[in-house]
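# Results of the structural survey
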Amino acid sequence: IKRTLDAMSWVKLNVFHWHVTDSQSFPIQIPGFEDVANAGAYTPSFIYSAQDVADIISYAGERGIDVMLEIDTPGHTTAIGAAHPDFIACFDAVPWAPFANEPPAGQLRLTEDAVVNFTTSLFEAVAGIVKSSYVSTGGDEINQACYDNDTVTQQGLEATGQTFEEALSSFVVANHKVLEDAGKIPTVWEGELIVTFLDTLMLLTDAS
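Let us look at the structure shown here.

What counts as what
- Residues numbered from 1 in each chain as written.
- Predicted model: local features only at pLDDT ≥ 70, side-chain atom pairs only at ≥ 80, totals over all residues.
- Heavy atoms only, no water.
- Core = buried A, V, L, I, M, F, W, Y, C linked by side-chain atoms within 4.5 Å.
- Buried < 20%, exposed > 50% of the residue type's maximum accessible area, 1.4 Å probe, protein only.
- Helix = DSSP H or I, 4+ residues; strand = E, 2+ residues; numbered from the N terminus.
- Contact = heavy atoms within 4.5 Å.
- Patch = residues over 30% accessible without salt bridge, like charges linked within 9 Å, V, L, I, M, F, W, Y side chains within 5 Å.
- Areas by Shrake-Rupley, 256 points an atom, 1.4 Å probe, with all protein chains shown as cover.
- Salt bridge = Lys/Arg side-chain N within 4 Å of Asp/Glu carboxyl O.
- Expected span 1.5 Å × (residues − 1).
- Disulfide = S-S within 2.5 Å.
- Polar contact = N/O pair within 3.5 Å; in protein donor to acceptor, adjacent residues only side chain to side chain.
- Axes fitted to C-alpha atoms, helices over the stretch in contact; angles between N-to-C directions.
- Parallel < 35°, antiparallel > 145°, perpendicular 65-115°, else oblique.
- Left-handed = near helix turned anticlockwise from the far one by under 90°.
- Nonpolar A, V, L, I, M, F, W, Y, C, P; charged D, E, K, R; others polar.
- 1 Å grid on protein atoms, 1.4 Å probe; cavity = no way out; pocket = protein on both sides within 12 Å on 5 of 7 lines; lining within 4 Å.
- Points joined across faces, edges and corners; volume = space filled by probe spheres on them.
- Pairing = 2+ DSSP bridges.

One broad trend across soluble globular proteins is that nonpolar side chains are buried collectively. One finds Leu5, Trp18, Phe26, Ile28, Ile30 and Ile71 to be the most contacted residues of the largest nonpolar core, which totals 50 residues. Mapped onto this core, the elements with two or more residues apiece are α1 (2-10), β1 (15-19), α3 (50-62), β2 (66-73), β3 (88-89), α4 (113-127), α5 (144-148) and α7 (164-181). Beyond its immediate chain neighbours, meaning those up to four positions away, isoleucine 28 contacts Val20, Thr21, Ala37, Tyr48, Val53, Leu69 and Ile71.

Given below as structure tokens:
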């Protein structure tokens, strides 16, 4: 990463989008959520400690580079299931291809209060360790079939009377609110672009 930051500084690139979590691994220790990395990283030696993260952010800052951290949600979150299997729909489903854009399959059960409480607390903690004004909550490649075949998610939608799009909007808004309250600007993926929270709300409104 530091070698990449050096190269970025030479060609005057000034934003490092650190996509630090994905389906396969959750390798970052976030204060209060160390259990996720301890269970969800490839190995205990493949974990970025809080000191590692601070060091990388400082190293980037010395070179005029802003570090935008991404904790992807609700998709690409299978690794969280190593610590919290009840939070994940179609967890490690086989074959994976009908339920995910990449293996292994698994997405956060965004209709569940326990999951929303988990992610909002997680992003609140993330806001406390990053210096950038921007934090990415991911949002890409959500697999509808995974949720359509997940009994817990379908029961949650029925209990609340929400459509899936409405439940997704509620989930995104809840996560982004805690970031905004912490003085951060939340971003998400939309195709190949990063868009701001207001753009996201417009997209979700149009979709519903």
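A few words on a nonpolar patch on the surface. Taken together, Trp10, Val11 and Leu13 make up a surface patch of nonpolar side chains, about 390 Å² in accessible area. Inspection of the secondary structure assignment puts tryptophan 10 in helix α1.

For the rest of this paragraph, the subject is α7. Taking 1.5 Å of rise per residue, the 18 residues of α7 would be expected to cover 26 Å, and the 26 Å separating its terminal C-alpha atoms lies within 8% of that figure. Turning to α7, its buried residues number three or more, namely Phe164, Ala167, Leu168, Ser169, Phe171, Val172, Asn175, His176 and Leu179. Two residues or fewer past α7, glycine 183 is found with a positive phi of approximately 85°.

In total, this model carries one disulfide according to the counting rule given. Note on cysteine connectivity: cysteine 90 is disulfide-linked to cysteine 146, with sulfurs 1.9 Å apart. Where cysteine 90 bonds to cysteine 146 through sulfur, the torsion about that S-S bond is close to -95°, and the disulfide is left-handed. Taken together, the residues cysteine 90 in the loop between β3 and β4 (107-108) and cysteine 146 in helix α5 connect sequence positions 56 residues apart. Of the two residues, cysteine 90 and cysteine 146, both sit in the buried class.

Tracing the backbone through its elements, the reader meets proline 95 in the loop between β3 and β4. Proline 95 gets classed as exposed once you look at its relative accessible area, which sits at 53%.

Among the secondary structure elements, histidine 76 is positioned in the loop between β2 and β3. Side-chain polar atoms of histidine 76 contact the side chain of serine 23, separated by 3.3 Å. In contact with histidine 76, not counting residues within four places along its chain, are Asp22, Ser23, Glu102, Gly106, Asp140 and Glu141.

This part covers the packing of α1 against α3. For the pair α1 and α3, the least separation of the axes is 10 Å and the interaxial angle reads 15°. With respect to their mutual orientation, α1 and α3 come out roughly parallel. α1 and α3 meet at a crossing whose hand is right-handed. Where α1 approaches α3, its residues Lys2, Leu5 and Asp6 are matched on the opposing element by Asp55, Ile56, Tyr59 and Ala60. The class makeup of the residues in the contact of α1 with α3 is four nonpolar, no polar and three charged.

For the structure shown, the criterion picks out one cavity of 30 Å³ or more. Roughly 60 Å³ of internal volume is contained in the largest cavity. Grouping the amino acids of the lining of the largest cavity by side-chain chemistry returns three nonpolar, six polar and two charged.

Next up on the list: the pairing of strand β5 (residues 134-138). The side chains of a regular strand alternate, residue by residue, between the two faces of the sheet. Taking burial as the measure, the five residues of β5 include four buried ones, the bulk of the element. Examined bridge by bridge, β2 and β5 share three bridges and lie parallel to one another. Along β5, the bridge assignment pairs glutamate 70 with serine 136. As defined by bridge partners, β5 adjoins strand β6 (residues 185-190) across three bridges and the pair is classed as parallel. Paired with tyrosine 134 across the strands is isoleucine 185, a residue of β6.

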